[in-house]
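Here are the chains, one letter per residue:
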Amino acid sequence: MQFLATTKPGAAEFTSQLGGNAARKGNERMFSDLSMYSTPPSENITLEEFERLALARLSVLKEMEAYRLRHSNKTEKEYLDKLNQLKQKHMKGLTASAAAAAAAAGASGAAATSAAREEEVRADNISHYVLRLAYCRTAELRKWFLVQECEMFRLKFGMYSAQEHEDFLSEHAPQYKLVPHAELLSVRDAIVKVMRSNLETREAISRVENFGRDDADAKSKGPRSTADARELEPKFYKVAWTLVPELVSQRRVLLRGGWAYVSREALAPLVVAEFRTGVSRGLSEMARRWRQMFPAEEEQRLQPLVASLTNRSLVADYSGVATRYGDVSAANLPQVAARHFPLCMGHLVSQLAAERHLRHGGRQQLGLFLKGIGLPMEEALVFWRSMFAPRCTGEAFDKQYAYNIRHNYGREGKRTDYTAHKCTTIVGSSGGPGDHHGCPYRRLDESALRAALGRLKCDDRKVEEAVSKARDGHYQLACAAAFEGVHRVPEMDVGISAPLQYYAESRRICAERESAAVQGAAAAATEAAAAAATAATAADAGGDPAAAAAADAGKEQRGVKRAAAGDSTPGAAR
Ligand code: SF4
């Protein structure tokens, strides 16, 4: 793919044609949701669409990766369902407009559906190539992208029906030729022999053995039965033997006239491997030509945008957390920390309290986070000074540490407005002995981690999940599991990406619960008052003293409620 200079402001242009994944079937134009991405898109698109499509695909890939890591025991069908659900969530909104536009233009339902399908294929192709461009820059990025894309391809290809495989392969991989019915009959017994020698399952062998024997029977039951039988019958593809040297050397396929007869099931890994090779080659080629992809005039505009895609946080922007929950002061910081801080920050606060000191890395990590949650600079100075005492006198603190705090708030030196670290930075900065910064899911051993999560009153099952994720090096997923265990919330779609995210989510959940509790109490009081009023009416009518007492209580309750609501009407709380 070559990225060309755009002649239109705000538009990006790709070379070559879209349509590599459009397949013909009869007179109907079909759009496959699977592509080998051998043909880059070639059209003008706005920079907004360029970025939107890339971020949508990135969200699908990242959430799918997190789902697989957290649920290693799901079936392929469940993984595919999740993938479709994520595509629906992130990409559907971007392509729904095509169907709406077609419908508004008076197109029939089928035409509108086809327009939406075509738009989906277009979005899929563009988003793949934009991410290919963004992720080609380093070996690590290339590896991540390749793994995610191959996994997505493998899932979709694996769940295709026999007919869909046939359509896809005839369009994208014509080197795999479907063995015609008559030819398969002629080699059936030889294939069975090979299958037996490879100890394949009895069921698979008997499907091939019975191939062709039930034709007359199916025909006699009508066309529907014939179609069903066709779908169930074994499919084999003829491949030049040089393309499958491993299968040949392991004698797992029948060889005839230079062709290897490969079953549909055995073909899937070959097609995935071919997909992998194609994308990997494309990534390397792009990496080699990275500079040429952007003409001089694009260096300032498109290049930084593409480069930033790999660092972009896909979760909401938490920079507003300071104004939303700006009630933090030096006095209430310990309580806020105990309830809402992620382990990395809670750990620093407790080490600071225990040692009355933190080294530079810890002070930076915690200090910028405290600034991020809205602790004013003056309060930060009070907090740090009190935490360093009595080990450090006020005078010594002002000399050694106060400047740095003011600097973090942009009041000294270059007056830069520094922001809080994200998880990727913290995970990568572990320091040495005596340092406490970094991510505890990475730094702490298993027993220390279990103890730390226990202190947060994390649910036992989630503690084990977090420890296991941390053991496998998935620290942000471990943190998400801990968050779920501490706050008793359902599973998050992705891992925690920043301590500020953890904090903001924790504050939001607690605020919602508190407001629900207040509303629940108010509703209960209303109900009680109404019940008492009903009892009073009944008592007045029947002269029951107990009911009359309940009625008085009801009146009192109503009065209290009105007073609580600020009703100063004389006699309101009588
Ligand atoms: S994953 Fe992020 S928020 Fe959680 S403890 Fe590690 S650095 Fe802190």
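Structure: see above.
Below is a short write-up of the structure. Every value quoted in this text rests on a predicted model; they were computed, and no experiment measured them.

1. Quick word on the overall build of the chain
- A tally of helices and strands in the chain yields 28 helices and nine strands.
- Residues classed as buried in the chain amount to 43% of the 574 residues present.
- Pairs at least 24 residues apart make up 68% of the contacts formed inside the chain by residues separated by at least 6 positions.
- Accessible surface, the chain as shown: approximately 29,300 Å² in total, 53% of it carbon and sulfur.

2. Here we look at the pairing of strand β7 (residues 236-240)
- β7 sits mainly inside the fold: four of its five residues count as buried.
- Both strand β6 (residues 177-178) and β7 contribute to a ladder of two bridges, which runs antiparallel. What sits directly across from Lys177, in β7, is Lys238.
- Across five bridges, the pairing between β7 and strand β9 (residues 259-263) is antiparallel. Considered in β9, the bridge of Val239 is made with Ala260.

3. Considerations on the packing of helix α24 (residues 446-455) against helix α25 (residues 460-471)
- Where α24 meets α25, the axes come as close as 10 Å, and the angle between the chain directions of the two elements is 145°. Where α24 crosses over α25, the handedness of that crossing is right-handed. For the pair α24 and α25, contact is made by Glu446, Leu449, Arg450 and Leu453 and by Val463, Glu464, Ala466, Val467, Ala470 and Arg471, respectively.

4. A short note on the site of the ligand
- The environment of the ligand is made up of Pro342, Cys344, Cys423, Ile426, Cys439, Pro440, Tyr441, Tyr475, Cys479, Ile496 and Pro499.
- Within the shell around the ligand, the residues separate by chemical class into 11 nonpolar, no polar and no charged.

5. Overview of helix α6 (residues 162-172)
- Along α6, the residues that are buried comprise Ala162, His165, Phe168, Leu169 and His172. Take α6 and look down its axis: the buried residues cluster within an arc of 125°, on one side only.

6. Some thoughts on the packing of helix α1 (residues 47-70) against helix α14 (residues 302-309)
- It is the contact of α1 with α14, at a shortest axis distance of 11 Å, that shows an interaxial angle of 10°. Our classification of the angle between α1 and α14 gives roughly parallel. Residues Leu47, Phe50, Glu51, Ala54, Leu55 and Leu58 of α1 form the contact with α14, whose own contacting residues are Leu302, Leu305, Val306 and Leu309.
- Residues that form the contact of α1 with α14 fall into these classes: nine nonpolar, no polar and one charged.

7. Some details on the side chain of Lys462
- With respect to the helices, strands and loops of the structure, Lys462 is situated in helix α25.
- With relative accessibility at 8%, the residue Lys462 sits in the buried group.
- Excluding residues that lie within four positions of it along the chain, Lys462 makes contacts with Arg70, Ala481, Glu484 and Gly485.

8. Brief notes about the pairing of β9
- The buried fraction of β9 amounts to four of the five residues, a majority that puts the element mostly inside the structure.
- Of the pairings in the sheet, the one linking strand β8 (residues 254-256) to β9 comprises three bridges and is antiparallel in character. Bridge assignment links Leu254 to a residue of β9, and that residue is Tyr261.

9. Description of the sheet that holds β6
- Read from one edge to the other, the open sheet built from four strands follows the order β6-β7-β9-β8, with strand pairing classed as antiparallel. This sheet does not close on itself; its edge strands, each paired only once, are β6 and β8.
- Along the sheet, helix α12 (residues 264-288) makes contact with β7 and β9, crossing β9 at roughly 105°.

10. Here we look at the pattern of salt bridges
- For the coordinates displayed, the defined rule picks out 30 salt bridges.
- In this structure, Lys462 engages Glu484 in a salt bridge whose closest nitrogen and oxygen atoms are separated by 2.8 Å. Separated by 22 residues along the polypeptide, Lys462 in helix α25 and Glu484 in helix α26 (residues 475-487) bring together distant segments of the chain. Taken individually, Lys462 and Glu484 each receive the classification buried, so the pair is uniform in this respect.

Conventions used here
Residues numbered from 1 in each chain as written. Predicted model: local features only at pLDDT ≥ 70, side-chain atom pairs only at ≥ 80, totals over all residues. Heavy atoms only, no water. Helix = DSSP H or I, 4+ residues; strand = E, 2+ residues; numbered from the N terminus. Buried < 20%, exposed > 50% of the residue type's maximum accessible area, 1.4 Å probe, protein only. Contact = heavy atoms within 4.5 Å. Areas by Shrake-Rupley, 256 points an atom, 1.4 Å probe, with all protein chains shown as cover. Pairing = 2+ DSSP bridges. Axes fitted to C-alpha atoms, helices over the stretch in contact; angles between N-to-C directions. Left-handed = near helix turned anticlockwise from the far one by under 90°. Near = heavy atom within 4 Å. Nonpolar A, V, L, I, M, F, W, Y, C, P; charged D, E, K, R; others polar. Arc of directions from axis to C-beta. Parallel < 35°, antiparallel > 145°, perpendicular 65-115°, else oblique. Salt bridge = Lys/Arg side-chain N within 4 Å of Asp/Glu carboxyl O.

Keep in mind these values describe shape, not function.
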